[in-house]
Structures are given as structure tokens and as C-alpha cells.
Amino acid sequence: MSFHRFAPTLAAEAQGMSEIKTIATGCVQYELEIEIKAGRPAVWRALLEQPDRWWLPDFRMVDEASTVEFDVRPGGRGLIEYRDGGGFLVWYSVQFFQPEAFKLYLVGNVAPDWGGPSTSNLCLSLEERVLGEGGDGSVLKISDAHHGHVSESYVGSLKDGWAQLFGEGLRRHVESVG
């Protein structure tokens, strides 16, 4: 079946729309580093296997009692938030997973209601680093590139949000159980 068969119907429906907006688009990229006083295996395990334990309440978009999971299996759901009885948000889909390199590439879409439309290409990686007085540590490197409808305030909000979620949420969780 061809799209062209439906084009006259779609065009007629589009004429009935009250407004069509053209928005400016662009591309931005930023990076963050979060130091965590724990080895890479412990941080990686918490990041991927325990997100519901460190995901902050202000970041639960579906419901305050929602569950947050990472499903990085081939064909898995990616980073998803859901609640019993229905309702879910697919935060990100997995694009490329390199567990031996402690690296994960994700792709997510941002709806217009949340500042988009835009697409995020997010990379999370862990590096070993000696922290403080010879202590074992890791650095979570966050690289995020957005293309679509982006603005300085939008990007600032995203960067601050990731810093809060991974800095206050993940780091606090890992260091408290470590």
C-alpha cells in the first residue's frame, strides 16, 4: 500500500488544522563528569541494575510511585519508567552497548510538551580515576547531543538535570552502599 493513496485525505485534513508552526532548529552538545568514590564495576551495576533505587523523585514523570528500569538486552526496552496499571515513558532506547568498555549509547525523543521536538544522543561511560588521597574511584562521563528544537535555556536545564540526577541520585546511592 502506498502513502500516495492517502495523500489527498491527509492534505484535506491538514487544511482543517488551525495552525501550522515552523520552528527554528539546531544542534547542541555538552559534556559532564560526575566523580564517584567507588570502582567501575560497582557504579556500572548500580547504573544499569538499580536505577529505581537512585532515581530522584523529581525525575519520576509517570507517577511518584513509578518504577524505573534499564533493559539493555538486544531488543530490550532501554531506559523506561512505568507504573502498575498502565502508564509508561520510554526515556531512551539503547543504540549501542559495550559492557566490557563500560559504555552505553542511548537515543531519546523529546516531545513538544517537554521542550522539543528534539532527539537526544546520550553516551554514558565510566573511567577509572584516583580520587582524593589515593582512593579508588570512577568518573561517569555524560555526553549529550540534541538536534531539533533547542535553546540555551533548554540545554541548561538538561545539563543541570543530569548533574542533579547522577550527582545527587546515583553518586549518593553508590557511595552510601559502597
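Keep in mind that this is a model prediction, so the values were computed, not measured. (Residues numbered from 1 in each chain as written. Predicted model: local features only at pLDDT ≥ 70, side-chain atom pairs only at ≥ 80, totals over all residues. Heavy atoms only, no water.)

Participant: I'd like a description of the nonpolar core, backed by residues and values.
Facilitator: Counting residues in each nonpolar core, the largest one holds 39 residues, and the members touching the most others are Leu47, Leu124, Leu140, Phe166 and Leu170. If you list the elements that add at least two residues to this core, you get strand S1 (26–36), helix H2 (40–49), strand S2 (67–71), strand S4 (88–98), strand S5 (103–110), strand S6 (118–128), strand S7 (138–148) and helix H4 (152–177). The greatest single-element share of this core, amounting to 8 residues, is contributed by H4. (Core = buried A, V, L, I, M, F, W, Y, C linked by side-chain atoms within 4.5 Å. Buried < 20%, exposed > 50% of the residue type's maximum accessible area, 1.4 Å probe, protein only. Helix = DSSP H or I, 4+ residues; strand = E, 2+ residues; numbered from the N terminus.)

Participant: Tell me about the sheet that holds strand S3 (residues 78–82), and name the residues and values.
Facilitator: Ordered in space as S1-S7-S6-S5-S4-S3-S2, the 7 strands form an open sheet in which the pairing is antiparallel. Among the strands making up the open sheet, the edge pair consists of S1 and S2. Strand-to-strand twist across the sheet, computed as the mean angle between neighbouring axes with direction ignored, equals 20°. Bridge count between S5 and S6: 8 bridges; the pairing is antiparallel. By the bridge assignment for S6, Leu106 is matched with Leu122. Packing of H2 onto the sheet brings it into contact with S1, S2, S4, S5, S6 and S7, and relative to S6 it is tilted by some 150°. Across the sheet, H4 touches S1, S4, S5, S6 and S7, and the angle it forms with S1 is around 20°. (Pairing = 2+ DSSP bridges. Axes fitted to C-alpha atoms, helices over the stretch in contact; angles between N-to-C directions. Contact = heavy atoms within 4.5 Å.)

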